[in-house]
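Architecture at a glance
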Amino acid sequence: EGASQEKWIHRDGEISAAAMEAGDFPAWSEMGRTVETMGLAWFYSQEPAYAERGVDWLTTWFSDSATRMHPRFRYSASAPGYHDGGRIGLIEAVEPLSACLNGIVLLRGSAAWSDALNQAINEWMDAFLRWTTTNPNATPALEHPNNIGTWTEVLVARLNLFLARPEAIRERAAIHLPARIAAHLEPDGSQPPELVRTLSHHYCCYHLQAFQRWAEIASLTETDCWQFATPDGRSIRQGLRFLVEHHPWPFPNIKEPDLGKVAELVEHYLLHAGPDEALRRDLEGLYRLGVRNADSRRRLLAGRFSLE
């Protein structure tokens, strides 16, 4: 009890095992991964047990009044001595919730699905979207100047996609995505705020992944952000070229750079943005180094999502 009141020390790139064990993130992350796994397992096997298990998890987290989670992240990423949560902690919602939504889209086609569960989940996601975009404990995440702000925009876009609100996706992408590319990428593709971090390679990849996810969702509303470039050349593409051209990685990084993540990002760009000879050669160069994209789960999910 006493130790929890002491001011924590911020160490960039390091995760507190005590915080992970004491908080809700492990359970939240497990929920997202499990629902997505059950959705994939049911979709590809048509075995009812997988759908039933996925629906059980969703009912517990989003529908059952005795166990459902509140649609807010008020105390996320709290840090004793700094703040009691919310704000930038909203980024902890993005990946698990995206995985959960993937699973929901797949499970909707199963016999285990019900109108009541569908309504409960839609109401929860709508309430969470309102909280994310209007509550003072959440909106600082959208305004944050590095990858946190971009990933929070991805969260908003993903929720709007799930709730079938194309105009909201189109409007935010048309205004905010180009503005964030212009603000956070240099003409050479570098990301200065990420390059000074202790895991600079990871965060440069992570931020570009957010831009790609956002552009992918926007493209479903016929909004093309893949090809956007400022007059001086700032673009998603240039960010990828910077990653490929800087090998070995000359910037701070306390772990070995993950070239597989670079390959994944380049593959994803070529898939959605169209042919690009320079990036194709870059990708072949990575392959010659023995690098491969290990994200097979995204391949299983490819093409499963649209505005309903």
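For clarity, every value in this text was computed on a predicted model and none was experimentally measured.

**Topic: the state of the cysteines**
Scanning the entire structure with this criterion turns up zero disulfides. Between Cys 204, a free cysteine, and Cys 205, which holds the nearest cysteine sulfur, the sulfur-to-sulfur gap is 7.1 Å. Judged by its relative accessible area of 1%, Cys 204 is buried.

**Here we look at the confidence of the model for the chain**
Per-residue confidence for the chain gives a mean pLDDT of 89; residues scoring 70 or more make up 88%. Helix α3 (residues 48-63) holds the highest mean pLDDT among the elements of the chain, 98, whereas helix α14 (residues 296-301) holds the lowest, 64.

**Here's the deal with the nonpolar core**
Grouped together as the largest cluster of nonpolar side chains are 80 residues, with contacts concentrated most on Leu 58, Phe 62, Met 125 and Phe 128. Counting residues per element, this core draws most heavily on helix α10 (residues 200-219), at eleven residues. Residues within four places of Phe 128 in sequence aside, it is in contact with Pro 71, Arg 72, Phe 73, Leu 90, Ala 93, Leu 97, Leu 155 and Leu 159.

**What about helix α12 (residues 259-273)?**
In this model α12 runs 21 Å from its N-terminal to its C-terminal C-alpha over 15 residues, within 8% of the 21 Å that 1.5 Å per residue would give. Most of α12 sits inside the fold, with twelve of its 15 residues counted as buried. Within the span of α12, buried status applies to Leu 259, Gly 260, Val 262, Ala 263, Glu 264, Leu 265, Val 266, Glu 267, His 268, Tyr 269, Leu 270 and Ala 273. Near the N-terminus of α12, the side chain that reaches the backbone nitrogen of Gly 260, with its oxygen 3.0 Å away, is that of Asp 258. One or two steps after α12, the chain reaches Gly 274, where phi turns positive at roughly 100 degrees.

**Focus on the environment of Val 156**
With respect to the helices and strands, Val 156 occurs in helix α7 (residues 147-162). Residues Val 156 and Val 94 lie 62 residues apart in sequence; the distance between their C-alpha atoms is 9.2 Å. Setting aside anything within four residues of it in sequence, one finds Val 156 in contact with Leu 129, Thr 132, Thr 133, Leu 142 and Arg 172.

**Section: unusual backbone geometry**
Across the junction of His 247 and Pro 248, the peptide omega takes the value 5 degrees, indicating a cis bond. Mapped onto the fold, Pro 248 is located in the loop between α11 (236-245) and α12. A positive phi angle, near 55 degrees, is found at Ala 164, a position not held by glycine. Structurally, Ala 164 can be placed in the loop between α7 and α8 (166-184). Among the residues examined, Ala 164 registers a relative accessible area of 32% and is labelled partly exposed. One non-glycine residue with positive phi stands out, namely Glu 222, at about 60 degrees. Here Glu 222 lies in the loop between α10 and α11. Take Glu 222: its relative accessible area is 79%, and that puts it in the exposed class.

Calculation criteria
Residues numbered from 1 in each chain as written. Predicted model: local features only at pLDDT ≥ 70, side-chain atom pairs only at ≥ 80, totals over all residues. Heavy atoms only, no water. Disulfide = S-S within 2.5 Å. Buried < 20%, exposed > 50% of the residue type's maximum accessible area, 1.4 Å probe, protein only. pLDDT = per-residue confidence, 0-100. Helix = DSSP H or I, 4+ residues; strand = E, 2+ residues; numbered from the N terminus. Core = buried A, V, L, I, M, F, W, Y, C linked by side-chain atoms within 4.5 Å. Contact = heavy atoms within 4.5 Å. Expected span 1.5 Å × (residues − 1). Polar contact = N/O pair within 3.5 Å; in protein donor to acceptor, adjacent residues only side chain to side chain.

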